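Coordinate inspection notes
Listed below, chain by chain, are the residues.
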Amino acid sequence: MKKINKLYILLLTLAFASIAAFTDAQAVVGSWKKKEDILTKEDGKTVSTLKMLVKNMPCFANIVYTFTADGKMSEQAKDCTIALQKQIAGQLKASRWKMAGNKLIIDVADATSPVKHAEYQIEFIGSNEMRWTFNYAENPGVPNITRARQMQTTYTRL
């Protein structure tokens, strides 16, 4: 009887661990809007790149990022010009995302993209926000023309 109880407890523990891992990965699933983009330079100074971008291209304030459970992602830029909408939508068409612990991994299949693989530390703030931290030193294949240390992006769930 003790062997059955131990087996039962082990199976329950594994089931809960699997559910927790699945739930964490699924937390990314849904539609999101960028709330903030903070670039930290090598000298420690910070810049709000989203504010600068929106100032020059206001339609970027309303881009919707969607992550589906099958690892696909997309961007919708309905307020941008048709040409920019096509460019934005095409960039992620063949890209895939996955979670590994608290790491979000994105692989880009677009041959024209300078970034093929990127890894972000991810944290969830309540049920409506997530923050991605991209460390350039941990992603040596990503161009770093601004000589930044990291980029931290906060998204709000729609």
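A brief report on the enclosed structure follows. (Residues numbered from 1 in each chain as written. Predicted model: local features only at pLDDT ≥ 70, side-chain atom pairs only at ≥ 80, totals over all residues. Heavy atoms only, no water.)

**Digging into the overall build of the protein chain**
The following threshold applies: In this text, helices come from DSSP runs of H or I with a minimum length of four residues, and strands from runs of E with a minimum of two, each type numbered from the N-terminal end. The classification of residues rests on relative accessible area computed with a 1.4 Å probe and restricted to protein chains. Under 20% of the type maximum is buried, over 50% is exposed, and intermediate values are partly exposed. Whether two residues are in contact is decided by their heavy atoms: any pair within 4.5 Å suffices. Computed with a 1.4 Å probe, the accessible areas rest on the Shrake-Rupley method; for each residue, only the protein chains presented here act as cover.
Across its full length, the protein chain holds three helices and nine strands. Reading the secondary structure of the protein chain in the N-to-C direction produces α-β-β-α-β-β-α-β-β-β-β-β. Buried positions account for 32% of the 158 residues belonging to the protein chain. Taking as baseline every contact in the protein chain between residues at least 6 positions apart, the subset at least 24 positions apart corresponds to 46%. Accessible area for the protein chain stands at about 10300 Å²; split by element, carbon and sulfur atoms hold 60% of it.

**Structural notes on the packing of aromatic side chains**
Under the convention used in this document: Each Phe, Tyr or Trp ring (for Trp, its six-membered ring) is paired with any other whose centre lies within 6.5 Å, and the angle between the two planes then decides the class: stacked below 30 degrees, edge-to-face above 60, tilted in between.
Within this structure, the stated rule accounts for seven aromatic pairs. When the ring of Phe67 is compared with that of Trp97, the centres are 6.1 Å apart and the planes differ by 85 degrees; the resulting orientation is edge-to-face. With Phe67 in strand 3 (residues 64–67) and Trp97 in strand 5 (residues 96–100), this residue pair connects regions lying 30 residues apart in the sequence. The pair formed by Phe67 and Trp97 is uniform in burial state, with each residue classed as buried. Summarising the aromatic geometry, the rings of Tyr120 and Trp132 are spaced 4.8 Å apart at their centres and angled 55 degrees between planes, so their arrangement reads as tilted. Here Trp132 lies in strand 8 (residues 129–135) and Tyr120 lies in strand 7 (residues 117–125), a separation of twelve residues in the sequence. For the pair Tyr120 and Trp132, a shared accessibility class is recorded, and that class is buried. Taken together, Tyr65, Phe67, Trp97, Tyr120, Trp132, Phe134, Tyr136 and Tyr155 form an aromatic cluster joined through their ring pairs.

**Focus on the state of the cysteines**
Filter applied, for reference: In what follows, a disulfide is any cysteine sulfur pair within 2.5 Å.
Inspection of the entire model under this criterion finds one disulfide. Residue Cys59 pairs covalently with Cys80 via a disulfide, S to S 2.0 Å. A torsion of 90 degrees about the S-S bond marks the disulfide between Cys59 and Cys80 as right-handed. Taken as a pair, Cys59 in the loop between helix 2 (49–56) and strand 3 and Cys80 in the loop between strand 4 (73–76) and helix 3 (82–91) lie far apart in primary sequence, 21 residues in all. Here the two residues Cys59 and Cys80 agree in accessibility, since each one is buried.

**A few points about the pairing of strand 6 (residues 103–107)**
When a strand is regular, its side chains alternate between the sheet's two faces. Keep this limit in mind: A pair of strands is considered paired only if DSSP assigns at least 2 bridges between the two.
Direction of pairing for strand 5 relative to strand 6: antiparallel, over a ladder of five bridges. Opposite Trp97, over in strand 6, you have Ile106 as the bridge partner. The turn joining strand 5 and strand 6, which pair antiparallel and follow one another in sequence, is formed by two residues; a positive phi near 65 degrees is taken by Gly101.

**Considerations on the pattern of salt bridges**
Where we set the bar: Here a salt bridge means any side-chain nitrogen of Lys or Arg lying within 4 Å of a carboxyl oxygen belonging to Asp or Glu.
What the rule picks out here adds up to six salt bridges. Close ionic contact of Arg147 with Glu42 constitutes a salt bridge, the shortest N to O distance being 3.5 Å. One end of the pair, Arg147, is in the loop between strand 8 and strand 9 (148–157); the other, Glu42, is in the loop between strand 1 (30–41) and strand 2 (46–48), and 105 residues separate them in sequence. Residue Arg147 is classed as exposed on the basis of its relative accessible area, which comes to 55%.

**What about the environment of Lys78?**
Residue position: Lys78 is located in the loop between strand 4 and helix 3. Overall, Lys78 belongs to the exposed group, its relative accessible area being 68%.

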